[in-house]
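The chain contents come next:
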Amino acid sequence: MNQSNQKRFRSIELFAGAGGLALGIEKAGFETIGLVEIDKDAAGTLRLNRPHWNVINQDIAELTKLDLTDYFGIKKGALDLLSGGAPCQSFSYAGKRLGLEDARGTLFYHYAVFLQQLQPKVFLFENVRGLLTHDRGRTYATICQVFEDCGYAVQKKILNAWHYNNAQKRERLITIGIRKDLLSKMTIHFPEPCPYKPVLRDVLHDVPESEGVQYSESKRKIFELVPPGGYWRDIPEDIAKAYMKSCWNMEGGRTGILRRMSMDEPSLTVLTSPTQKQTERCHPIEARPFTVRENARIQSFPDEWKFCGSVGSQYKQVGNAVPVNLAYAVAQEIYKSLEML
């Protein structure tokens, strides 16, 4: 996008992680004036790649004790976008108030305090699709009620990253709110799926070298027996049974065990650990997990985006991130809507 001819809308991001969501928002044309992230490695990643970003490596609970308009030097209602996705634990339902007090003590509460104090024009709240049904739907009902109480009209949709130029099947619950006084002036549409859905072959070429873990020798030999796109059912039963141990007698398809990706399919959801027995994602060609850099490609991070910390921390940062291209698709629609004002 030709940003020289654009307005510069401002955003603040909470629970920023390694920057997947923030990168997509930046790419859409927003100016990020603050990012809050408690993990020191993830905060280091943000600072390393964007030295001009105002990265706040602090517990968000300490920030919400402050006057946030004064802290960020921005008038109430002037911020264009508040973004982020807080982990959402069960809430208290004493009295069934279904309001902000029910969320006290959770990380979502602090997101809501930012929203209440800053009153941005729009907010973007992303989370796992399971939030919709968590605690029989009551958790998400409370969240939406809090958004309404803060003065926002809420809309939601589950989006699959695969439909938005990411070689990965990863579903996210996207909740967007427009401040109610702006409803007559703007509308926001969720992005239309891209015409082409990429597969691993599209992204796993010329990947920069990076650190990565390896399987044990015995596990590597077993994975060499699994064809691309296959799993435990595609190898001799005695070998599969010995590997799976107690999992052999579990119900269900157990399709994540000894799962090997194919170049002609998208990746399953990138995880925070490269080797988890019931959710394997073996490389399509080599008998090994994906490297940090390969996972970053699948998450649509640019190759120049570097990650700080140990190898385990880097895997975790990449796995927890919002796919950059999915974030970009959503942020573009928000940007277009803000231009209506």
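Please refer to the structure higher up on the page.
So, here is what we can say about the structure in this document. Here the residue index of a chain counts from 1 through its sequence in written order. Reporting of local features is limited, given that this is a predicted model, to residues whose pLDDT is at least 70; pairs of side-chain atoms are given and counted only at 80 or more, and all residues count toward the totals for whole chains, interfaces and linings. Excluding hydrogens and water, the side-chain values take into account all heavy atoms of the structure.

## Re the pattern of salt bridges
Here comes step 1: Any carboxyl oxygen of Asp or Glu within 4 Å of a side-chain nitrogen of Lys or Arg constitutes a salt bridge here. Counted by the stated rule, this structure contains 18 salt bridges.
Here comes step 2: A salt bridge links D135 to R138, with the shortest nitrogen-to-oxygen separation between them at 2.7 Å.
Here comes step 3: Residue class for R138 comes out partly exposed when judged on its relative accessible area of 39%.
Here comes step 4: For R259, the salt bridge identified is with E265, shortest N-O distance 3.3 Å. Per residue, the accessibility class of R259 equals that of E265, and both read buried.
Here comes step 5: Among the charged side chains, a network of salt bridges with common partners joins E217, R220 and E224. The classification of residues rests on relative accessible area computed with a 1.4 Å probe and restricted to protein chains. Under 20% of the type maximum is buried, over 50% is exposed, and intermediate values are partly exposed.

## Digging into the nonpolar core
Here comes step 1: Definition of nonpolar core: a set of buried residues of the types Ala, Val, Leu, Ile, Met, Phe, Trp, Tyr and Cys, connected through side-chain atoms within 4.5 Å. Among the nonpolar cores identified, the biggest contains 34 residues, and L82, F108, F114 and F125 are the most heavily contacted of them.
Here comes step 2: What counts as a helix is a DSSP run of H or I of at least four residues, what counts as a strand is a run of E of at least two, and both are numbered from the N terminus. Those elements that provide at least two residues to this core are β1 (10-14), β2 (31-36), α3 (60-63), α4 (68-72), α5 (107-118), β5 (122-128) and α6 (138-149).
Here comes step 3: With eight residues, α5 is the single largest residue contributor to this core.

## Re unusual backbone geometry
Here comes step 1: The backbone of N165 sits at a positive phi, close to 65°, despite the residue not being glycine.
Here comes step 2: Within the fold, N165 resides in the loop between β6 (152-160) and β7 (171-179).
Here comes step 3: Classification of N165 by relative accessible area gives partly exposed; the value is 42%.
Here comes step 4: Positioned with a positive phi, S300 is a non-glycine residue whose angle comes to about 65°.
Here comes step 5: Tracing the backbone shows S300 in the loop between α10 (292-298) and α11 (311-320).
Here comes step 6: Owing to a relative accessible area of 12%, S300 belongs among the buried residues under this scheme.

## Quick notes on the sheet that holds strand β4 (residues 81-84)
Here comes step 1: DSSP calls a pair of strands paired once it identifies at least 2 bridges connecting them. Across the sheet, which stays open at both edges, the seven strands sit in the order β3-β2-β1-β4-β5-β7-β6 with mixed pairing between neighbours. Only two strands of the sheet have a single partner each, and these edge strands are β3 (55-56) and β6.
Here comes step 2: Pairing geometry for β1 and β2, over five bridges, is parallel. Each bridged residue has a counterpart across the sheet, and for E13 the counterpart in β2 is L35.

## What to know about the pairing of β5
Here comes step 1: In terms of burial, β5 is largely enclosed, as six of its seven residues are buried.
Here comes step 2: Pairing of β4 with β5 involves four bridges; the strand directions are parallel. Its bridge partner being in β5, S83 is matched across the sheet by L124.
Here comes step 3: Summarising the sheet, β5 and β7 pair through seven bridges and their orientation is antiparallel. Bridge pairing links N127 to L173 in β7.

## Quick word on the packing of α5 against α6
Here comes step 1: Two elements in contact, α5 and α6, have axes whose closest approach is 10 Å; the angle formed by their N-to-C orientations is 15°. For the element pair α5 / α6, the angle class is roughly parallel. Considering how the two elements wind past one another, α5 and α6 form a crossing that is right-handed. Across from F108, Y111, A112 and L115 in α5, the residues of α6 making contact are I143, V146 and F147.
Here comes step 2: A class-by-class count of the residues in the contact of α5 with α6 yields seven nonpolar, no polar and no charged. To get an axis, fit a line to the C-alpha atoms, keeping to the stretch in contact for a helix; angles then go from 0 to 180 degrees between the N-to-C directions. Any angle that is under 35 degrees is reported as roughly parallel, and any over 145 degrees as roughly antiparallel; angles of 65 to 115 degrees are reported as roughly perpendicular and all others as oblique. Whether a crossing is left-handed or right-handed is set by the direction in which the near helix is turned from the far one by less than a right angle, anticlockwise for left-handed and clockwise for right-handed. Residues count as neighbours in contact if any of their non-hydrogen atoms are within 4.5 Å of one another. Residue classes follow a fixed rule: Ala, Val, Leu, Ile, Met, Phe, Trp, Tyr, Cys and Pro count as nonpolar, while Asp, Glu, Lys and Arg count as charged, and any other residue, Gly among them, counts as polar.

## Concerning the environment of H52
Here comes step 1: Its place among the elements puts H52 in the loop between α2 (40-49) and β3.
Here comes step 2: On the basis of relative accessible area, H52 is assigned to the exposed category, the value being 60%.

## Describing the pairing of β7
Here comes step 1: Counting buried positions along β7 gives eight out of nine residues, so the element sits mostly inside the fold.
Here comes step 2: Of the strand pairs in this sheet, β6 and β7 are connected by nine bridges, and their pairing is antiparallel. Within β7, the position partnered with Y152 by the bridge is R179.

## Re the packing of aromatic side chains
Here comes step 1: Aromatic pairing here means that ring centres of Phe, Tyr or Trp (its six-membered ring) are within 6.5 Å. Orientation follows from the plane angle: under 30 degrees is stacked, over 60 is edge-to-face, and everything else is tilted. Taken as a whole, this structure holds 20 aromatic pairs when the rule is applied.
Here comes step 2: Seen from their ring centres, F9 and F30 are 6.3 Å apart, and the 45° between their planes marks the pair as tilted. Of this pair, F9 sits in the segment before β1 while F30 sits in the loop between α1 (20-27) and β2, placing them 21 residues apart in sequence. The same class applies to F9 and to F30, which are both buried.
Here comes step 3: Directly above the ring of W53 sits R50, whose terminal nitrogen or CZ lies 5.8 Å from the centroid. By definition here, charges over rings are those cases where NZ of Lys or CZ of Arg is within 6 Å of the ring centre and within 35 degrees of the ring normal.

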